[in-house]
Amino acid sequence: MTETIERLRVELGDRAYDILVGPGLIEHAGREMLPLLRRRQAVVVSDEIVAGHYLAPLRDGLSAAGIAHHAVLVPPGEETKDLHHFGRLAEDILAIGIERGTMLVALGGGVVGDLTGFAAATLLRGIDFVQIPTTLLAQVDSSVGGKTGINAPTGKNLIGAFYQPRLVLADTSVLGSLPRRELLAGYAEIVKYGLIRDPEFFAWLEAEGHRVCALEPEALRRAVLTSCAMKAEIVAGDEREEGDRALLNFGHTFGHALETETGFGARLLHGEAVALGMVLATDFAAKLGLADAGEALRVRRHLVDCGLPTRLADIGLAGIPADRLLGHMSKDKKVRDGRIALILLRRIGEAFVMKDAPVEKLRHFIATAAAS
Ligand SMILES: NC(=O)c1ccc[n+]([C@@H]2O[C@H](COP(=O)([O-])OP(=O)(O)OC[C@H]3O[C@@H](n4cnc5c(N)ncnc54)[C@H](O)[C@@H]3O)[C@@H](O)[C@H]2O)c1
């Protein structure tokens with residue numbers, strides 16, 4: 001197995017950890033975790049769908065490595081990332097009889113990862129955890145970097161902690177069971193890396209992205225690895241998002257507003273919102289004269305080719321009043337002193353932060369986008 005597995009390091013001093021990328025990792029998770037364990041006990045948290053596919057091979061591997069384990073299942077979906085489910089999960093884990101040396105294992109997409117990571121950050125004032133991301137989005141984004149948390153009634157991801165995992169195992173063979181829409185939503189985050197920092201990677205995606213989406217092993221491995229390597233590098237340089245890490249939010253201020261409007265559910269997936277958000281942010285930069293309109297067209301064209309939403313009309317928001325979206329944007333947690341900050345593109349491969357977006361121009365831009 002080892003020759004197809006790639007290993008990356010997130011360099012964070014005494015909290016540094018490895019990301020392993022490749023097929024078949026779930027079965028060998030026990031073996032990979034063993035050197036990190038302070039106690040041979042693990043509690044796996046997963047959702048009911050993912051558990052149906054992958055809990056058994058994970059448990060077999062844990063048993064083979066001599067690691068005692070329990071599993072706690074949560075319902076699938078964003079609704080699970082709330083205080084109520086967090087409370088139940090915490091009680092269930094504590095009822096197992098964990099100790100400081102117990103390892104939590106998040107087996108699932110970003111929902112399970114964020115929730116389990118927050119449980120790890122808070123239970124017994126902090127225990128270790130491992131991420132085994134099973135969606136493309138979680139493999140290339142949410143499992144790396146230590147942002148953990150849950151949603152509050154007032155907004156998404158407002159309760160949380162920066163808390164790094166001890167290991168990330170991105171098993172690319174699990175993506176075959178992922179619904180197509182979820183896969184494409186994850187692909188949007190891969191495109192994001194090319195757009196913010198790596199023009200050659202974006203050009204490669206333009207040519208070969210269809211192979212990634214067809215899950216061709218070599219293309220998939222390159223896309224996941226390149227994405228994780230970039231995220232690892234950015235996180236290592238700015239763990240708490242005081243500088244460059246903010247660039248990873250490209251497309252997210254628009255995207256969160258769209259998710260708020262559509263209710264954070266199946267109507268619009270997070271990655272789909274990011275895809276449309278990236279198009280809006282690039283178009284807005286072009287409208288302000290800060291980016292080339294041809295570049296903006298390239299961004300839109302690639303996402304259209306992939307079957308991702310690129311117009312408000314694609315997600316049923318044609319004609320939405322600009323003030324509604326602006327209102328959501330100004331409640332985003334990245335807002336400081338009432339100013340809307342946006343990540344924009346200067347050109348493909350070069351993103352920058354605009355700390356105080358011109359609100360009137362933004363209102364006019366959204367109104368035009370909603371009408372087209
Ligand atoms: N922490 C971060 O840095 C970060 C970054 C981006 C997104 N997020 C969060 O991630 C969440 C979205 O994550 P997601 O897109 O992974 O969604 P998700 O966790 O809801 O998973 C999507 C669906 O796919 C199913 N699924 C997962 N893996 C599967 C597989 N291999 N085969 C079949 N079905 C599978 C799940 O059961 C679920 O129904 C959001 O809450 C978002 O806020 C966090």
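See the structure above.
Here the structure is a predicted model, which means the values were calculated and not measured. In every chain, residue numbers begin from 1 and rise along the written sequence. It should be noted that, the model being predicted, local features are given only for residues of pLDDT at least 70 and side-chain atom pairs only at 80 or more, the latter also being counted only at that level, while totals for whole chains, interfaces and linings use all residues. The basis for every side-chain value is the complete set of non-hydrogen atoms in the structure, without hydrogens or water.

Enquirer: Mind laying out the packing of helix 10 (residues 270–287) against helix 11 (residues 293–305), listing which residues take part and the relevant values?
Expert: Note on geometry: axes are C-alpha line fits, over the in-contact stretch for helices, and angles between N-to-C directions span 0 to 180 degrees. Labels follow the DSSP assignment, with helices taken as runs of H or I lasting at least four residues and strands as runs of E lasting at least two, numbered in each case from the N terminus. Viewed as axis vectors pointing N to C, helix 10 and helix 11 meet at an angle of 165 degrees, and their least axial separation amounts to 8 Å. Classified by the interaxial angle, the pair formed by helix 10 and helix 11 is roughly antiparallel. The handedness of the crossing between helix 10 and helix 11 comes out as left-handed. On helix 11, the residues that touch Ala 275, Met 278, Val 279, Thr 282, Asp 283 and Ala 286 of helix 10 are Ala 293, Ala 296, Val 299, Arg 300 and Leu 303. In the scheme used here, Gly and all other residues not listed as nonpolar or charged are polar, with Ala, Val, Leu, Ile, Met, Phe, Trp, Tyr, Cys and Pro taken as nonpolar and Asp, Glu, Lys and Arg as charged. Split into classes, the residues belonging to the contact of helix 10 with helix 11 amount to 8 nonpolar, 1 polar and 2 charged. To sort the angles, those under 35 degrees are grouped as roughly parallel, those over 145 as roughly antiparallel, those from 65 to 115 as roughly perpendicular, and the leftovers as oblique. Handedness of each helix crossing follows the sense of rotation of the near helix against the far helix: counterclockwise by less than a right angle gives left-handed, clockwise gives right-handed. Any two residues having at least one pair of non-hydrogen atoms within 4.5 Å are treated as being in contact.

Enquirer: Tell me what's going on with the sheet that holds strand 1 (residues 6–10), and back it up with residues and numbers.
Expert: Only strands that DSSP links by at least two bridges are regarded as paired with each other. Taken together, 7 strands build an open sheet; the order of strands is 1-2-9-6-5-3-4 and the sheet is mixed. Strands with a single pairing partner mark the edges of an open sheet, and in this sheet they are strand 1 and strand 4 (68–74). On average, each strand axis in the sheet is inclined to that of its neighbour by 20 degrees, with strand direction left out of account. Summarising the sheet, strand 1 and strand 2 (residues 17–22) pair through 5 bridges and their orientation is antiparallel. By the bridge assignment, Arg 9 is partnered in strand 2 with Asp 18. Strands in contact with helix 4 (residues 110–122) are strand 3 (41–47), strand 4, strand 5 (103–108) and strand 6 (129–133); relative to strand 5, the strand with the most contacts, it is inclined by about 165 degrees.

Enquirer: Can you break down the layout of surface pockets residue by residue, with the values?
Expert: There is about 440 Å³ of room inside the second largest pocket. Secondary structure elements with two or more residues in the lining of the second largest pocket: strand 7 (147–152), strand 8 (155–162) and helix 9 (252–262). The element contributing the most residues to the lining of the second largest pocket is strand 8, with 3 residues. Of the residues belonging to the lining of the second largest pocket, the class tally is 5 nonpolar, 7 polar and 8 charged. We place a 1 Å grid over just the protein atoms. Points where a 1.4 Å probe fits but has no way out form a cavity, open points with protein on both sides within 12 Å along at least 5 of 7 lines form a pocket, and any residue with an atom within 4 Å of a point lines it. Grid points are joined across faces, edges and corners, and a volume is the space filled by probe spheres set on the points.

Enquirer: Describe the packing of helix 6 (residues 180–197) against helix 10, naming the residues involved and giving the relevant values.
Expert: Following both chains from N to C, one finds helix 6 and helix 10 inclined at 40 degrees, their axes separated by 7 Å at the closest point. By the angle class used here, helix 6 and helix 10 are oblique. Pair helix 6 / helix 10 crosses with left-handed handedness. Listed contacts from helix 10 to Arg 181, Ala 185, Ala 188, Glu 189, Val 191, Lys 192 and Leu 195 of helix 6 are His 270, Gly 271, Glu 272, Val 274, Ala 275 and Met 278. By residue class, the composition of the contact of helix 6 with helix 10 is 7 nonpolar, 2 polar and 4 charged.

Enquirer: Hey, could you go over the site of the ligand for me, with residue numbers and the actual values?
Expert: Neighbouring the ligand are 26 residues; Asp 47, Glu 78, Gly 110, Thr 135 and Ser 177 lie closest to it. Backbone polar atom of Gly 110 to an oxygen atom of the ligand: 2.7 Å apart, as the coordinates give it. Within the backbone of Lys 147, one N or O atom sits 2.9 Å away from a nitrogen atom of the ligand. Among the elements of the structure, helix 2 (48–64), helix 4, helix 5 (136–142) and strand 8 are those that each provide at least two residues to the shell around the ligand. By residue class, the composition of the shell around the ligand is 9 nonpolar, 8 polar and 9 charged. Proximity is defined per residue: if any heavy atom of the residue lies within 4 Å of a molecule or strand, that residue is considered near it. Two N or O atoms count as a polar contact when they lie within 3.5 Å, although within protein this holds only if one can serve as hydrogen donor and the other as acceptor, and sequence-adjacent residues are included solely when both atoms are side-chain atoms.

Enquirer: Can you explain the pairing of strand 9 (residues 167–171)? Please cite residues and give values.
Expert: With 5 of its 5 residues buried, strand 9 lies for the most part within the structure. The side-chain alternation of strand 9 yields two buried faces, one formed by Leu 167, Leu 169 and Asp 171 and the other by Val 168 and Ala 170. Pairing between strand 2 and strand 9: 5 bridges, direction parallel. If you follow Val 21 over to strand 9, its bridge partner there is Ala 170. Taken together, the 2 bridges between strand 6 and strand 9 define a ladder with parallel strand orientation. Within strand 9, the position partnered with Gln 131 by the bridge is Val 168. Any residue under 20% of the maximum accessible area for its type is buried, any over 50% is exposed, and the rest in between are partly exposed; the area is computed with a 1.4 Å probe on protein chains only.

Enquirer: Give me the lowdown on the nonpolar core, citing residues and values where you can.
Expert: We define the nonpolar core as a collection of buried residues of types Ala, Val, Leu, Ile, Met, Phe, Trp, Tyr and Cys that are connected through side-chain atoms lying within 4.5 Å of one another. One finds Leu 136, Tyr 187, Leu 312 and Leu 362 to be the most contacted residues of the largest nonpolar core, which totals 110 residues. Setting aside anything within four residues of it in sequence, one finds Leu 362 in contact with Phe 254, Phe 284, Leu 326, Met 329, Ile 340, Leu 342 and Ala 357. In this structure, Val 43, Ala 90, Ile 98 and Ala 106 belong to the second largest nonpolar core, which totals 20 residues.

Enquirer: So, the packing of aromatic side chains: which residues are in play, and what are the values?
Expert: Centres within 6.5 Å make a pair out of two Phe, Tyr or Trp rings, where for Trp the six-membered ring is used; the pair is then stacked when the planes are under 30 degrees apart, edge-to-face when over 60, and tilted otherwise. Per the counting criterion, the structure on display carries 5 aromatic pairs. Look at Phe 86 and Phe 118: their rings are 4.9 Å apart centre to centre, the planes differ by 40 degrees, and that puts the pair in the tilted class. With Phe 86 in helix 3 (residues 83–96) and Phe 118 in helix 4, this residue pair connects regions lying 32 residues apart in the sequence. For the pair shown, Phe 86 and Phe 118 are each scored as buried.

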